[in-house]
Structure formats: structure tokens, C-alpha cells
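# Analysis of the macromolecular model
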Amino acid sequence: MAGEGEKKPVLEMVQADGADEGCVTFVLHDEDHTLGNSLRYMIMKTVDVDFCGYTITHPSESKINFRIQTRGGVPATEPLRRGLKDLTEVSQHVLNTFQARVNEFKKRQEDPME
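Residues numbered from 1 in each chain as written. Predicted model: local features only at pLDDT ≥ 70, side-chain atom pairs only at ≥ 80, totals over all residues. Heavy atoms only, no water.

Basically, it comes down to this: UniProt positions are given in the numbering used here, feature names are shortened, and annotations may be inferred rather than shown by experiment.
An unreviewed UniProt entry lists the chain under the name DNA-directed RNA polymerases I and III subunit RPAC2, with Eleginops maclovinus as the source organism. Quoted verbatim from the Subcellular location (unreviewed entry) field of UniProt, the annotation for the chain is "Nucleus".

Next comes the structure, spelled out in C-alpha cells:
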């Protein structure tokens, strides 16, 4: 546990002794279903992933246990990184598109009707 004044890690990697690196549970702190379900969807699109799922341990806790199992010797960290990168790109595209439409709407509201 982090002491007073220390930052708690955002991500922890939990791996059973002797387990290969293709079967890992990641603990994401201060997150909920918003990230969990979106990230699970992005990771499951990866060909090398056999299983990807998450649980929220208890409604009063804001952490996710995120499990990834891969095949072909691919480390579980690779699909996690790719999933986070892809989710960031999709989110940025949605934000940019939304902002462009808001700006168009505001511009139409300022222009007098013709």
C-alpha cells in the first residue's frame, strides 16, 4: 500500500508463480466499467487474444481486475498496450468530430438566415 504522500500505482500486474507471460491479470486503480468495457472490446479484436475480461471486485472499490490470455507466446502486455493506444485514437477521433460539429453549429447560429 502507498503511504501518506505517496502515489498509489495506477496499474499493477499480477502473475501467478510459474505462469507464462501470456496469462496475466492487470489491476487498474480508480477505474470503472467505462474503461473496462471499452478496453475489453478493443483488446478482443486482437487475433492473438484467447480471452479478455474484467471484474470489479466490489461496488465500493474503484478498481478493475483485468485478465488477458494470449496464444502463440505473445506477452499479455502487448495487447493491453495496443488496446490502450487504439482506444485513445478512437476517443480522440470522436472528440475531434464532436468539436468540429459543435463549431459548425455555433457558426450557423451566428450567421443571419438567408
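Let us keep going from here.
### Thoughts on the UniProt feature "domain: DNA-directed RNA polymerase RBP11-like dimerisation" (unreviewed entry) in the chain
Test applied: Under the scheme used here, helices are H or I runs from DSSP no shorter than 4 residues and strands are E runs no shorter than 2 residues, and both carry numbers assigned from the N terminus.
Look at the UniProt record and you will see "domain: DNA-directed RNA polymerase RBP11-like dimerisation" (unreviewed entry) annotated at residues 23-96. In the segment residues 23-96, helix accounts for 43% and strand for 31%; the C-alpha atoms at its two ends are 36 Å apart.

### Things to note about the nonpolar core
Basically, it comes down to this: For our purposes a nonpolar core is just a set of buried Ala, Val, Leu, Ile, Met, Phe, Trp, Tyr and Cys residues, chained together by side-chain atoms within 4.5 Å. Each residue is placed in one exposure class: buried if its accessible area under a 1.4 Å probe, protein chains only, is under 20% of its type's maximum, exposed if it is over 50%, and partly exposed if it falls in between.
The biggest cluster of nonpolar side chains holds 16 residues, and the ones touching the most others in it are Phe26, Leu39, Ile43, Cys52, Phe66, Ile68 and Leu80. Within the residue set of this core, elements represented by two or more residues are strand E2 (23-29), helix H1 (33-44), strand E3 (49-56), strand E4 (63-70) and helix H2 (77-110). With four residues, the top contributor of residues to this core is H1.

### Re the side chain of Thr46
By the element assignment, Thr46 lies in the loop between H1 and E3. Classification of Thr46 as buried rests on a relative accessible area of 13%.

### Observations regarding H2
Condition: To estimate the expected span of a helix, subtract one from its residue number and multiply by 1.5 Å.
Relative to the 50 Å expected for 34 residues at 1.5 Å per residue, H2 spans 49 Å between its end C-alpha atoms, a close match to the ideal helical length. Residues Pro79, Leu80, Gly83 and Leu87 constitute the buried set of H2.

### Side note on the side chain of His29
Put simply, the rule reads: Whether two residues are in contact is decided by their heavy atoms: any pair within 4.5 Å suffices.
Relative to the elements of secondary structure, His29 occurs in strand E2. Under the relative-accessibility criterion, His29 is labelled buried at 10%. Excluding residues within four positions of it along the chain, His29 makes contact with Lys8, Pro9, Val10, Glu12, Ser62 and Lys63.

### Notes on the packing of aromatic side chains
Here is the rule: Note on aromatic pairs: the rings of Phe, Tyr and Trp (six-membered ring only in Trp) are paired at centre separations within 6.5 Å, and the planes decide the class, stacked below 30 degrees, edge-to-face beyond 60, tilted for the rest.
Following the criterion strictly, the structure yields one aromatic pair and no others. Ring geometry for Tyr54 versus Phe66: centroids 6.3 Å apart, planes at 15 degrees, classification stacked. On the criterion of sequence distance, the pair formed by Tyr54 in strand E3 and Phe66 in strand E4 is long-range, its members being 12 residues apart. Taking relative accessible area as the criterion, Phe66 reaches 1% and is therefore assigned buried.

### Comments concerning the environment of Ile43
Among the structural elements, Ile43 can be located in helix H1. Look past the residues within four positions of Ile43 in its chain and what remains in contact with it is Val49, Cys52, Phe66, Ile68, Pro79, Leu80 and Gly83.

### Let's talk about a negative patch on the surface
How we decide: Residues enter patches when they are more than 30% accessible in relative terms and free of salt bridges; like-charged ones are connected within 9 Å and nonpolar ones (Val, Leu, Ile, Met, Phe, Trp, Tyr) within 5 Å. With residues, only the protein chains shown are counted as cover, and all accessible areas are computed by Shrake-Rupley using a 1.4 Å probe. Between Lys or Arg on one side and Asp or Glu on the other, a salt bridge is scored when a side-chain nitrogen of the former is within 4 Å of a carboxyl oxygen of the latter. Here the positive residues are Lys and Arg and the negative ones are Asp and Glu; neither His nor the chain ends is included. A charged residue contributes its charge at one atom only: NZ of Lys, CZ of Arg, CG of Asp or CD of Glu.
Together, Asp20, Glu21, Asp48 and Glu78 line one region of the surface with negative charge. Inspection of the secondary structure assignment puts Asp20 in the loop between strand E1 (11-14) and E2.

### A few points about the environment of Lys63
If you trace the backbone, Lys63 turns up in strand E4. Sequence-wise, Lys63 and Asp32 are 31 residues apart; in three dimensions their C-alpha atoms are separated by 6.6 Å.

### Describing the sheet that holds E1
This is how the line gets drawn: By the convention used here, strands pair only if DSSP detects at least 2 bridges between them. What counts as an axis is a line fitted to C-alpha atoms, over the stretch in contact for a helix, and the angles between N-to-C directions run from 0 to 180 degrees.
Within the open sheet, the four strands sit side by side as E1-E2-E4-E3. Their pairing is antiparallel. In this open sheet, the two edge strands, each paired with only one partner strand, are E1 and E3. Here the strands of the sheet are splayed against their neighbours by 20 degrees on average, with no regard to which way each runs. Note: E1 against E2, four bridges, orientation antiparallel. Residue pairing in the sheet places Glu12 in a bridge with Val27 of E2.

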